[in-house]
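Here is how the chains run, residue by residue.
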Amino acid sequence: MAYAYTPNNDMKTPYPPGYPMNPGMPTPNQPPYYNTPVPPPVPVIQPVTVVQPMGFGHMPQAAQCSACRQQIVTNVRYESGGGTWLFAFLICIFGGFLGCCFIPFCVSSCQDAVHTCPACHAPVGRKNVL
Ligand SMILES: [Zn+2]
């Protein structure tokens with residue numbers, strides 16, 4: 001009669017032997033449609049502003065401020081540099097009228113362009129005439 005009282009020890013385990021305990025493990029009996037490759041969502045590529053630190057011109061342009069690290073559009077200030085004096089000197093040599101030698105000091109394309117940050121007013125870049 002003792003045999004009839006013997007409980008089944010396997011009933012204590014919640015899972016029968018052979019059941020995949022790790023849910024992360026792939027089971028070989030998976031339906032095939034689980035294995036169909038789903039195209040991953042296309043990552044949204046942020047438009048990257050190409051910063052050309054050496055490519056400053058005479059016009060305001062987008063750049064990253066080296067001081068405040070912001071994407072800014074530079075303010076341009078014109079300063080008379082060596083190229084401005086050279087243009088004035090050439091005008092004087094080649095028969096410029098009186099006062100014409102000061103034209104380069106009024107023409108922005110004959111002056112050095114100094115790009116500054118509109119936020120922190122730090123110099124960002126410079127375009128020399130020469
Ligand atoms: Zn700045």
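All of the points below concern the structure found in this document. In this text, all values refer to a predicted model and were calculated from it rather than measured experimentally. Numbering of residues begins from 1 in every chain and follows the order in which that chain's sequence is written. It should be noted that, the model being predicted, local features are given only for residues of pLDDT at least 70 and side-chain atom pairs only at 80 or more, the latter also being counted only at that level, while totals for whole chains, interfaces and linings use all residues. With hydrogens and water excluded, all non-hydrogen atoms of the structure serve as input to the side-chain values.

**Quick notes on the side chain of threonine 84**
Inference 1: Mapping threonine 84 onto the fold places it in helix H2 (residues 82-93).
Inference 2: Residue burial is assigned from relative accessible area. The probe radius is 1.4 Å, only protein chains are included, and a residue is buried under 20% of its type maximum, exposed over 50%, and partly exposed in between. Residue class for threonine 84 comes out buried when judged on its relative accessible area of 0%.
Inference 3: Residues are treated as being in contact if the distance between any of their heavy atoms lies within 4.5 Å. Ignoring anything within four residues of it in the chain, the contact list for threonine 84 reads Glu79, Pro104, Phe105, Cys110, Gln111 and Asp112. The helix and strand labels rest on DSSP assignments: H or I over at least four residues marks a helix, E over at least two residues marks a strand, and numbering proceeds from the N terminus.

**Overview of the sheet that holds strand E5 (residues 123-127)**
Inference 1: For two strands to be treated as a pair, DSSP must find at least two bridges joining them. If you walk across this open sheet you meet the three strands as E3-E4-E5, and the pairing is antiparallel. A strand with exactly one partner marks an edge of an open sheet, and here the two such strands are strand E3 (75-79) and E5. The average angle at which neighbouring strand axes cross in this sheet is 25°, direction not considered.
Inference 2: Pairing of E3 with strand E4 (residues 112-116), which is carried by five bridges, proceeds in the antiparallel orientation. Axis definition: a line fitted to C-alpha atoms, limited for helices to the stretch in contact. Angles are taken between N-to-C directions and run from 0 to 180 degrees.

**Topic: the coordination of the zinc ion**
Inference 1: Counted as donors are the N, O and S atoms within 2.8 Å of the metal, or 3.2 Å for Na, K and Ca, while water is not among the atoms, so some sites may look incomplete. At this site the zinc ion is bound by Cys65 (SG), Cys68 (SG), Cys117 (SG) and Cys120 (SG), with donor distances of 2.2 to 2.3 Å.
Inference 2: Any coordination sphere not matching a tetrahedral pattern (four donors, all angles between 85 and 135 degrees) or a square planar or octahedral pattern (four or six donors, opposite donors over 155 degrees apart, other angles between 65 and 115) is reported as irregular. Coordination at the zinc ion is tetrahedral, judged from the four donor atoms that bind it and the angles of 103 to 120° they form at the metal.
Inference 3: Of note, the donors binding the zinc ion are all from one chain and are spaced C-x2-C-x48-C-x2-C. Residue cysteine 65 is located in the loop between strand E1 (62-64) and strand E2 (71-73), and its partner cysteine 117 is located in the loop between E4 and E5; the two are separated by 52 residues in the primary sequence.
Inference 4: On the accessibility criterion, cysteine 117 (0% relative accessible area) is buried.

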